[in-house]
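Residue strings, one per chain:
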Amino acid sequence: MKYAYYTGCLVPARLNQYDLATRKVLGKLDVELVDLEDAACCGTVIARSIDAKTNLMMSIRILALAGSKKLDLLVTCPGCFESLMDAYTVFIENAGFREEAKSILKDIDNISYDGDGSTVKHLIQILINDIGLEKIKAVVEKPLNRLKVAAHYGCHILRPSTKLRVDDAENPKMLDQLVNATGAESIHWMLKQWCCGFPIQAVDRNLSLSIAGAKLRSVRDAEADCIVTICPSCQFQFDVLQNEISKITGEQYSMPVILYPQLLGLAMGLAPEDVGLNLNKASIDRFLERLKEVWK
Amino acid sequence: MSEIVVSLKSTKVDPFLKQQIAHSELDGRSLLCTQCGICTSGCPLGEYIKPHKIVRMVNLGLRDQLIHLREIWLCTTCFTCSQRCPQDVNPANIIFNLKNTASRHGIIPAGLREICRNILEEGRTLKITTGREREREKLGLPKTVTVNIEKIKRLMDKTRFDKILEGGKV
C-alpha cells in the first residue's frame, strides 16, 4: 500500500511525535508514504471564517497535487480532513466553483484537475478499512491489557457525517475499536462527544481552555489512565496546555494524553522514544509507570 | 457576555440576506428553520451562543446587528448544530457566512487576523522554527516539505484574501 502523505501545519510546528509515530507504525504494517511536496496549509476553518472561497481553493489545490501523483492522500489531522472533504464536495456539486478552481489550478500549478486521482483518507480509515483490525491485532506484541483509555475523536472527523461519511456521528466506534485492538479498554465517559475548544483560542483563550477543562474533569471522573486522540488540535489543547487549563480552572488533572499511533506503536513493541513519547508533556512519567504495571 | 437582544424598531432590514446565504458556497438554508432549538441545546457554548436566534435574525434580515455580534466568533465549528438540525438548516455554515460578511466590513478578531497573516506569509498557520527542524533531524524524520510561497500568494491574490484581511472593502 502506498499513499501521498500530508501532515498539515500543527504537526510539524508543534507535534513532531504524531509524524514520527505514524511513520513508524505504518512502516511496520507495510505501508509506504510519499511526502506531498509543496502542500501548504489547507486553510481549514481559520481561512473559512474570513473567506470561504480562499479555504476551498487552498484545500482543492492539495487534492489536485495528490491527484497528479495518482495516490490516495493520507491525512492525520481531522481539521485538514474536513476541509479537504468540504472542498471536494463543493468542487463536485458546484459547477461555478469547479470551473473557477480549475482555471486557478491551471494558472498557478499547471495542473488539470477534474476531481480524479486521489481519495482523501484519515489515518483511522486507512487503519480500519485498508489494513483491517485483524492485521493490526496480529502485530500487537505487548498488549495493553487493563489500560483504561478515554478515546477522543475530534469534531472534524465526525461531523457533519453527511459530508464526511466516516463513522456514526452520535455514537462513533472506529477509534474505540482501534484502542481495543491494542488490548486496552476504551471506556465510557460523559463529555466524549464535545468539542475540545481549540478553534476559538485566538478569539477567547479562557473560554477555549475552560471547555477543555470540563472535558479533562470528565475523563478524570471516569478514572481513565489516559486520553487517546487522533487530532493534533485536541492533542495540543489537552496535553501541551494542560498546565494552563489547570491554572484557569483551579483543578489538577494529571492526565497523560497520547496520540493513537503512539499507543499502537507501544503495543507493537516499539520503545517509548521510538514513538516520541518523551515529547508529550502531561504526566508522561505516570503513564510510563502505568505501562510497567500493565506489562508485568 | 451580553444576551442577544433583537429589536426591530428603527432597525435597517436586509430582506435578501437569507437568499444570499442560501446561494453561497457556504449554503445554509435558514428559511427552513422552525426555531426548535436543537442546535442551541447541543452547542458546547450554548450558554454564550444561540444558533437558533442567529438563524432567526438572518430570516428577519438583521444584517447590521449580526455582523457586530461577538457570538459569531465564538463558534467552535464543532458542527453539532448542523449534524442535528432536523431541517438541514446548517447553522454552522450560516455563522461562517456571517463571519465572512463581517470580515468584509473590517470586523476580524485580532488573534484570528494574526494567524491568517501567517498563512499569507508562510503558507502555514504557524511558522516552522529551526528548533523544530533540528528536532526532526534528531528523530530521524525528513525535513518539513517546502512550500512555494509565491504560488500561495498568487492564489490569495485571486481570491483577494489579503485585501479582505486588511479590512479593505471588497
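A quick note: this is a predicted structure, and the numbers were derived from the prediction, not measured.

Right, let's get into the overall build of chain A. The helix and strand inventory of chain A stands at 15 helices and eight strands. By the compact-globule yardstick of 19 Å for 296 residues, chain A fits well, its C-alpha radius of gyration being 19 Å. Seen along its three principal axes, the alpha-carbon backbone of chain A occupies a region of about 60 × 45 × 30 Å. Carbon and sulfur atoms make up 48% of the accessible area of chain A, which totals about 10200 Å². Between the centroid of the 34 positive side chains of chain A and the centroid of its 37 negative side chains there is a distance of 3 Å.

Turning our eyes to something else, we now look at the confidence of the model for chain B. This prediction gives chain B a mean pLDDT of 92; 92% of its residues lie at or above 70. Listed scores for the predicted complex are pTM 0.96 and ipTM 0.96.

This part covers the nonpolar core. Residues and elements named next belong to chain A. Judged by nonpolar contacts, the single largest core of 129 residues is most densely connected at Ile-60, Leu-127, Tyr-260 and Phe-287. Element by element, the count of residues in this core is highest for helix α4 (residues 52–68), at nine residues. The residues touching Tyr-260, leaving out its near neighbours within four places in the chain, are Leu-127, Leu-175, Leu-178, Val-179, Thr-182, Val-228, Thr-229 and Ile-230. With 21 residues, the next largest nonpolar core counts Leu-15, Leu-216, Phe-236 and Ile-245 among its residues.

What follows is about the domain arrangement of chain B. Interfaces are often sized by the accessible area lost when the parts come together. According to the domain assignment, chain B contains domain 1 (17–104) and domain 2 (110–165). Once you take the C-alpha centre of each, domain 1 of chain B and domain 2 of chain B turn out to be 30 Å apart.

So, about the sheet that holds strand β6 (residues 185–186) of chain A. All names here are of chain A. Reading across the sheet, the four strands line up as β6-β5-β7-β8 and stay open at both edges, with parallel pairing between neighbours. Looking along the sheet, the strands with just one partner apiece sit at the ends: β6 and β8 (257–259). Strand direction decides the pairing type here: strand β5 (residues 148–152) and strand β7 (residues 226–229), joined by four bridges, are parallel. Looking across to β7, one finds that Ala-150 is bridged to Ile-227.

So, about the interface of chain B and chain A. At the junction of the two partners, chain B supplies 55 residues and chain A supplies 56 residues. Taken together, the two surfaces of chain B and chain A that pack against each other cover about 5300 Å², and 65% of this comes from carbon and sulfur. On the chain B side of the interface with chain A, the three residues burying the most area are Glu-25, Gln-83 and Leu-155 of chain B, jointly 13% of the side's total. At the boundary of chain B with chain A, the tally comes to nine salt bridges.

All names here are of chain A. A sheet is described by the order of its strands in space; here four strands give the open sequence β2-β1-β3-β4, paired in parallel fashion. Each edge of the open sheet is held by one strand with a lone partner, namely β2 (32–35) and β4 (120–122). Mean inter-strand twist for the sheet, computed between neighbouring axes without regard to direction, equals 40°. Judged from the three bridges that link them, strand β3 (residues 73–75) and β4 form a sheet pairing that is parallel. From the neighbouring strand, Leu-73 faces β4, where its bridge partner is Val-120.

Right, let's get into the domain arrangement of chain A. Residues and elements named next belong to chain A. According to the domain assignment, chain A contains domain 1 (2–123) and domain 2 (140–294). The centre of domain 1, based on its C-alpha atoms, is set 25 Å off from the matching centre of domain 2. Across the contact, 25 residues belong to domain 1 and 27 residues belong to domain 2. Approximately 2300 Å² of surface area, both sides summed, lies buried where domain 1 meets domain 2, with 78% of it carried by carbon and sulfur atoms. Here domain 1 and domain 2 share two salt bridges between them. Asp-86 is the salt-bridge partner of Lys-163, the closest N and O atoms lying 3.0 Å from each other. Counting the contacts that link domain 1 with domain 2 gives four residue pairs in polar contact (both at pLDDT 80 or more). Elements represented by at least two residues in the side of domain 1 that touches domain 2 include exactly α1 (10–14), α2 (16–28) and α5 (78–93). Among the elements that take part in the side of domain 1 that touches domain 2, α2 stands out by supplying eight residues, more than any other.

Attention shifts here to the pattern of salt bridges. According to the stated counting rule, one finds 35 salt bridges over all chains in the structure shown. Ionic pairing is found between Arg-23 of chain A and Asp-19 of chain A, a salt bridge with its closest N-O pair at 2.8 Å. Here Asp-19 of chain A and Arg-23 of chain A lie together in helix α2, a separation of four residues that amounts to about one turn. Accessibility expressed as a relative area gives 21% for Arg-23 of chain A, which makes it partly exposed. Through salt bridges with shared partners, a single ionic network connects Asp-19, Arg-23 and Asp-35 of chain A together with Arg-136 of chain B.

Cut-offs and rules
Residues numbered from 1 in each chain as written. Chains lettered and ligands numbered in written order. Predicted model: local features only at pLDDT ≥ 70, side-chain atom pairs only at ≥ 80, totals over all residues. Heavy atoms only, no water. Helix = DSSP H or I, 4+ residues; strand = E, 2+ residues; numbered from the N terminus. Rg over C-alpha atoms; globule rule 2.2 N^0.38 Å. Areas by Shrake-Rupley, 256 points an atom, 1.4 Å probe, with all protein chains shown as cover. Lys, Arg positive; Asp, Glu negative; His and termini not counted. Charge placed at Lys NZ, Arg CZ, Asp CG, Glu CD. pLDDT = per-residue confidence, 0-100. Core = buried A, V, L, I, M, F, W, Y, C linked by side-chain atoms within 4.5 Å. Buried < 20%, exposed > 50% of the residue type's maximum accessible area, 1.4 Å probe, protein only. Contact = heavy atoms within 4.5 Å. Domains from an automatic or database assignment. Pairing = 2+ DSSP bridges. Buried area = accessible area lost by both parts, 1.4 Å probe. Salt bridge = Lys/Arg side-chain N within 4 Å of Asp/Glu carboxyl O. Axes fitted to C-alpha atoms, helices over the stretch in contact; angles between N-to-C directions. Polar contact = N/O pair within 3.5 Å; in protein donor to acceptor, adjacent residues only side chain to side chain.

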